[in-house]
Amino acid sequence: MPTAQRTFDVQAPAAMVWAFLSDLERLGPCLPGCTGVDLLSPTEADWRMETKIGFIRKRFVVRTRTTTLEAPAHAAWTGESDELIASGTIDVRPRAPDRTEVTYRGTVKGQGPARQLLNRYFKSRLDRDIDAFVANVRTALQPEAAPVSDP
Amino acid sequence: MIADWIVVGGGHNGLTCAAYLSKAGEDVLVLERRDVLGGCGTSEPAIPELPGFTFNPGAFDLLGIREQPFFRDLELEKHGLELLTVEPMFLMPFPDGHRIFFWRDLHRTAEEIATISPRDAERYVTWVEFWAQAFEMLDPINTGAPPSFAAMASLMEDSPEVEELLRVMMMPARQYIYETFDSTQMQGLGAFMALQTKSSLDQPGSALAMTELVMSHYGGVYRPRGGIGQVSAAVARALESYGGRIQPEAAVAEVLVQDGRVRGVRLEGGERVEARKGVVTAIAPQTVFLEMIAQEHLEQAFLHRVRHLQNDNTAVIKAYYALSAPPQFSPVGDDGSRPEFRIPAAMITPSVDYADAMWAEIRRREIPAHPWIWCTFSTGLDPSMAPPGQHALGLHCWVPYALADQRDWDEAKEEAAMRMFDTYCAYAPNLKDKLLGWAARTPKDWEQIVGIPKGNNFHIDMVPHQVFGFRPLPELSNYRTPIGGLYLTGAGTHPGPAITGLPGHNTAQEILRDLGKVEDD
């Protein structure tokens, strides 16, 4: 299944970074295609997604569950919708009082009758979407950077 | 000889498939009948008495190659492929003195079209932007075995754009041309592009072929330095860097089958080559099943369907001309000072009436007096294709495979070559006395030299019932065959002809999936 990993620095204290990454309603808009996050419980949420392939606009909801939470350093999650299965981890490491290293790892796999097509689509988009996610997280925590929201 | 995998055919798809398998640790041997790699995409000295000239007997330019998986995965630039950017991408001259340059920049191209028809210029922009979105949907379809129609339908939503896409997919090109463009010239462009699949303008579904031009605006057009054969050469170097082997001048006569599984091949000289795991054929599927496999190993119903694969009476002739001067397109405003006239491939089909005349001539099995021609003047961008100060030109058009009155192509070759040259010289009159030599590859030559049935460089026709999940037949569309361990690749498989490496890439992925080396979808 398509997998992407990024390690990046954010000019912000680790506590602030962890608080942001743990706040799914604030984190959601950083993910390209996410139009909103609905919290269901402390560990479950519905991520409303919209993606566009050519002129096919597909809307779906991915239900995520936090499977591991080791504040303020590590979290793991899984997600599923009719169209896909996903999982990921986030690791936060302070590098300096105002600088934090974040490592994000994510995988996504298509399911359902169109899984082959979706897998190829995810494979072609994953790197770009993760790069956009990183840029948007930085923007949220370092306001001088420009956002990227292309679904 | 022995290998895990034998690949029959050293065209770029066979080499690509072999390279992916080798990269994954398989022991692969490619067997090629000729001493030249590349299949329909070679670069060779084609005029025996002028060996300093290099020609592209088949394919010549590359659309969007940088976006293709094999370019990136096999690191073709690292293995010596140097791409020259073709800009402007195409030139279309017209007998009334107009011409259109097709630039990668869509709006710059629209400015050219506006000199003929401002309304068509606006429509061209809208048309390209619409089809660019459609092609974005094609990428995941083309980069693997074709998905089922149920899978594609599950992603579809009702929308005007999807309805328009489906409508055009069923339309004859003629209707779509007249609906899209008003001017004779732009209708000629539509006819030229639609005729690329060698279908008539009235065939349902032929409209879709018009849209290939759209891809060039987004992916660009490139020309390998040294000729199109450099693509296969780079893939071959990649293959060998992974430990793969290539044996030229090794024509395969038979695919050996025992107990329902492929065991290897027999060469024309009698030698047997054993395959421990399987065989991939990168040649026309009808040749594989009707000529290379003993028929007791295949169901008669299957063979009946293979015999009826459509490979119509329209083939290709490519002629090569060594010139002592470059063309000057004076009838369409070329004073010799603008290099952009001598860079792009030129397209000759100035109107729908011209296309109709050409098609009628082909149906009568005549050499067209109105040839539809792709014209590639190589040395305008790549001087290495000819000796210093001299120039190389390639022209190709569609012709009947079998001429009327049982006329032999050896006898008709010169007439066809000169007719194309004269048609080209109507736009580049300075070349009439600049011909140093010529040669041509007729449908008969294609069949004998490269082994493509009826000289069809598509292997089988690109018609609606032989594309996507139907190519070459539904039961063969995922590259597997009724014979265990035997796989297909090449132009006769999805997504079809053109130098993209996609059939080779896709077949390799299915093999690796069957071997458990790639995750199952």
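Residue positions are given per chain, counting from 1 as you read along its sequence in written order. Labels are handed out in written order, letters beginning with A for the chains and numbers beginning with 1 for the ligands. Residue-level local features of this predicted model are given only where pLDDT is at least 70; pairs of side-chain atoms are given and counted only at 80 or more, and the full residue set underlies all totals for whole chains, interfaces and linings. Side-chain measures were taken over the full set of non-hydrogen atoms in the model, leaving aside hydrogen atoms and water.

### With respect to empty space enclosed by the protein
Residues and elements named next belong to chain B. Here the term cavity refers to a set of points on a 1 Å grid, laid over the protein atoms alone, in which a 1.4 Å probe fits but cannot get out; the term pocket refers to an open set having protein on both sides within 12 Å along at least five of seven lines, with lining residues being those that place an atom within 4 Å of a point. Grid points are joined across faces, edges and corners, and a volume is the space filled by probe spheres set on the points. Summed over the entire model, instances satisfying the criterion amount to 3 cavities of 30 Å³ or more. In this structure, the largest cavity spans a volume of roughly 60 Å³. Around the largest cavity, the lining residues are Asn-56, Phe-60, Asp-61, Arg-223, Pro-224, Gly-227, Thr-376, Ser-378, Asp-382 and Met-385. Looking at side-chain class alone, the lining of the largest cavity contains 3 nonpolar, 4 polar and 3 charged residues. If you add up the space inside the second largest cavity, you get close to 50 Å³. Each helix is a run of DSSP H or I of at least 4 residues and each strand a run of E of at least 2, with the numbering of both proceeding from the N terminus. Elements with a contribution of two residues or more to the lining of the second largest cavity: β13 (345-348) and β14 (373-377). Per-element accounting of the lining of the second largest cavity gives the leading share, 3 residues, to β14. Asp, Glu, Lys and Arg are counted as charged, while Ala, Val, Leu, Ile, Met, Phe, Trp, Tyr, Cys and Pro are counted as nonpolar; the rest, among them Gly, fall into the polar class.

### Description of the confidence of the model for chain B
The pLDDT averaged across chain B works out to 95; a share of 99% of its residues lies at or above 70. Here the complex is predicted with pTM 0.92, and the ipTM for its interfaces comes to 0.77. pLDDT measures how confident the predictor is about each residue, on a scale from 0 to 100.

### Some words on the domain arrangement of chain B
All names here are of chain B. The domain boundaries here were taken from an automatic or database domain assignment. Split by domain assignment, chain B resolves into domain 1 (2-41 + 226-310 + 452-514), domain 2 (102-220) and domain 3 (311-450). Distance from the C-alpha centre of domain 1 to the C-alpha centre of domain 2: 31 Å. Contacts were defined at the residue level, with two residues in contact if any of their heavy atoms lie within 4.5 Å. At the junction of the two partners, domain 1 supplies 18 residues and domain 2 supplies 16 residues. Two parts placed together each lose some accessible area under a 1.4 Å probe, and the buried area is that loss summed for both. For the pair domain 1 and domain 2, the summed buried area comes to about 1300 Å², and 67% of that belongs to carbon and sulfur atoms. Each salt bridge in this description consists of a side-chain nitrogen of Lys or Arg and a carboxyl oxygen of Asp or Glu lying within 4 Å of one another. The interface formed by domain 1 and domain 2 contains 0 salt bridges. Here a polar contact means two N or O atoms within 3.5 Å. Within protein one must be a hydrogen donor candidate and the other an acceptor candidate, and residues neighboring in sequence count only if both atoms are side-chain atoms. One can count 5 residue pairs in polar contact (both at pLDDT 80 or more) joining domain 1 with domain 2. Partitioning the side of domain 1 that touches domain 2 into residue classes produces 9 nonpolar, 8 polar and 1 charged.

### Comments concerning the sheet that holds strand β7 (residues 99-110) of chain A
Residue and element names in this part refer to chain A. Strand order in the open sheet formed by 7 strands is β1-β7-β6-β5-β4-β3-β2, and the pairing between neighbours is antiparallel. On the outer flanks of this sheet lie β1 (3-10) and β2 (34-39), each paired with one strand and no other. Put simply, the sheet's adjacent strands are angled 20 degrees from each other on average, direction ignored. Two strands are counted as paired when DSSP detects at least two bridges linking them. Pairing geometry for strand β3 (residues 44-53) and strand β4 (residues 56-70), over 10 bridges, is antiparallel. Within the sheet, the bridge partner assigned to Arg-48 lies in β4 and is Val-61. The axes are straight lines fitted to the C-alpha atoms, using for helices just the contacting stretch, and the angles between their N-to-C directions are given from 0 to 180°. Seen against the sheet, helix α1 (residues 14-22) touches β1, β4, β5 (74-80), β6 (84-96) and β7 and runs at an angle of roughly 165 degrees to β6. Here helix α3 (residues 115-141) sits on the sheet and contacts β1, β3, β6 and β7; the angle it forms with β1, its principal contact strand, is near 5 degrees.

### Section: the layout of surface pockets
Residue and element names in this part refer to chain A. There is about 1000 Å³ of room inside the second largest pocket. Around the second largest pocket sit 46 residues that line it, and Leu-31, Trp-47, Thr-64, Trp-77 and Tyr-104 are the ones nearest its centre. Residue assignment for the lining of the second largest pocket shows that the elements contributing at least two residues are α1, α2 (24-27), β3, β4, β5, β6, β7 and α3. At 8 residues, α3 tops the list of elements feeding residues into the lining of the second largest pocket. Of the residues in the lining of the second largest pocket, the class split is 29 nonpolar, 10 polar and 7 charged.

### Thoughts on unusual backbone geometry
Here the amide bond leading from Ala-71 of chain A into Pro-72 of chain A is cis, since omega sits at -5 degrees, within 30 degrees of zero. Residue Pro-495 of chain B is bonded to the preceding His-494 of chain B through a cis peptide linkage, with omega at 0 degrees. One can find Pro-495 of chain B in the loop between β17 (486-488) and α16 (502-514). Although it is not a glycine, Asp-405 of chain B adopts a positive phi angle of roughly 60 degrees. Checked against the element boundaries, Asp-405 of chain B lands in the loop between β15 (391-400) and α14 (409-425). Within the chain, Gln-406 of chain B stands out as a residue other than glycine whose phi angle is a positive 55 degrees. Along the chain, Gln-406 of chain B turns up in the loop between β15 and α14.

### A closer look at the packing of aromatic side chains
Residues and elements named next belong to chain B. Two aromatic rings, drawn from Phe, Tyr or Trp (for Trp, its six-membered ring), form a pair once their centres lie within 6.5 Å of each other, and the interplanar angle then sorts them: stacked below 30 degrees, edge-to-face above 60, tilted otherwise. One pass over the structure, following the stated rule, counts 23 aromatic pairs over all chains. Centre to centre, the rings of Phe-53 and Phe-55 are 6.2 Å apart; their planes meet at 10 degrees, and the pair counts as stacked. Its relative accessible area of 2% is what places Phe-53 among the buried residues. Linked through ring pairs, Phe-60, Phe-90, Phe-192, Trp-372, Trp-374, Trp-398 and Phe-458 together constitute an aromatic cluster. In our convention, an over-ring charge means Lys NZ or Arg CZ found within 6 Å of a ring centre and within 35 degrees of that ring's normal. Cation over ring: Arg-66 sits above Tyr-222, and NZ or CZ is 5.2 Å from the ring centre. Note on classification: 1.4 Å probe, protein chains only; a residue is buried when its accessible area is under 20% of the maximum for its type, exposed when over 50%, partly exposed between these limits.

### Structural notes on the environment of Thr-423 of chain B
Residues and elements named next belong to chain B. The residue Thr-423 is located in helix α14 in this model. Measuring from C-alpha to C-alpha, the distance between Thr-423 and Tyr-222 comes to 26 Å, with 201 residues separating the pair along the chain. Non-local contacts of Thr-423, meaning those with residues more than four positions away in its chain, are made with Ile-348, Tyr-354, Pro-371 and Ile-373. Only 2.8 Å separates the side chain of Thr-423 from the backbone oxygen of Arg-419, close enough to count as a polar contact.

### Digging into the sheet that holds β15 of chain B
Residues and elements named next belong to chain B. Read from one edge of the open sheet, 7 strands run β6-β5-β13-β14-β15-β12-β16, paired in mixed fashion. Edge positions in the sheet fall to β6 (99-102) and β16 (435-441), since each of these pairs with one other strand and no more. The average angle at which neighbouring strand axes cross in this sheet is 20 degrees, direction not considered. Where strand β12 (residues 314-323) meets β15, 10 bridges bridge the pair, whose relative direction is antiparallel. Pairing of Lys-318 across the sheet is with His-396, part of β15.

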